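Survey of secondary and tertiary structure
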Amino acid sequence: MTKQIMVYLSDLHFEHKQWINELNFWEDEIKLFTKRLEEVVSRYTSNEIRVKIEHFQNQFVVHAQVIDSLKKEVKKHEKWISDKAEVSPVAIDHVLFTDHTTVRDRMDTQRSIYSELKNDYFNFLSRTM
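Residues numbered from 1 in each chain as written. Predicted model: local features only at pLDDT ≥ 70, side-chain atom pairs only at ≥ 80, totals over all residues. Heavy atoms only, no water.

**Notes on the overall build of the chain**
In terms of regular secondary structure, the chain is built from 4 helices and 2 strands. Helices and strands appear in the chain in the N-to-C order β-α-α-α-β-α. A total of 129 residues make up the chain; the buried ones form 31% of that total. A sequence separation of at least 24 residues applies to 89% of the contacts in the chain between residues at least 6 apart. (Helix = DSSP H or I, 4+ residues; strand = E, 2+ residues; numbered from the N terminus. Buried < 20%, exposed > 50% of the residue type's maximum accessible area, 1.4 Å probe, protein only. Contact = heavy atoms within 4.5 Å.)

Structure follows, in C-alpha cells:
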C-alpha cells in the first residue's frame, strides 16, 4: 500500500503554476523546432534526411498533444484547488490535502521523454546544418 503524501493547497497551486510555465515553454520550443526543421527540409532532398525530418515532425505533434493533455489535467486540478479555497479560505495554508502524485509522475515522465527528444533533435541538427 502506498502512503499518501499530504500537502497544503498553496503548495499544490505553486507547483501547478510552475508546471504550466514549463508546459508553455515546451510549446514555444516545439514551434521554434518545427520552424528550424522547415529550414532543413529546404536544404536536403535525401531520403535518409527526409525520414528523420518526418520522424521529428511526428514527435513534435505527439509532444504537443501530450502538453495539451497535461495542461488540461493541471487546470482541472487547479479548479479543484480553487473550489476548495473558495469554500474554506483558511484551508489554503492550514489544512493538508492529498498530493497530486499522478500528475507529478506524468510531468516527470514527460520531462524525461521531452529532454531525450531535444537531445536527439539537436544532434540531428548538428549533423545536418
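Following the structure, the description resumes.
**So, the packing of aromatic side chains**
For the structure shown, the criterion picks out 9 aromatic pairs. Arranged with centres 5.2 Å apart and planes meeting at 40 degrees, the rings of F56 and F124 form a pair that is tilted. Of the two residues, F56 is situated in helix α2 (residues 47-87) and F124 in helix α4 (residues 101-128); the sequence distance between them amounts to 68 residues. By relative accessible area, F56 is classed as buried at 1%. With relative accessibility at 1%, the residue F124 sits in the buried group. Ring geometry for F60 versus Y121: centroids 5.2 Å apart, planes at 80 degrees, classification edge-to-face. (Phe/Tyr/Trp six-rings, centres within 6.5 Å; stacked < 30°, edge-to-face > 60°.)

**Thoughts on the nonpolar core**
Burial of nonpolar side chains together is a common tendency in soluble globular proteins. In this structure, L37, F56, F60, Y121 and F124 are the most contacted members of the largest nonpolar core, which totals 22 residues. Sorting the residues of this core by element identifies α1 (9-43), α2 and α4 as the ones contributing at least two each. (Core = buried A, V, L, I, M, F, W, Y, C linked by side-chain atoms within 4.5 Å.)

**Here's the deal with the pattern of salt bridges**
It is possible for side chains of opposite charge to pair when their charged atoms get near one another. Enumeration according to the criterion identifies 8 salt bridges in this entry. Among the salt bridges present, the one from E29 reaches K118, with a minimum N-O distance of 2.9 Å. Taken as a pair, E29 in helix α1 and K118 in helix α4 lie far apart in primary sequence, 89 residues in all. Take E29: its relative accessible area is 10%, and that puts it in the buried class. Two residues, R36 and E39, come together in a salt bridge whose shortest N-O distance is 2.5 Å. Of this pair, R36 and E39 are both found in helix α1, 3 residues apart, which corresponds to roughly one turn of the helix. Put simply, E22, D108 and R111 are held in one network by salt bridges that share partners. (Salt bridge = Lys/Arg side-chain N within 4 Å of Asp/Glu carboxyl O.)

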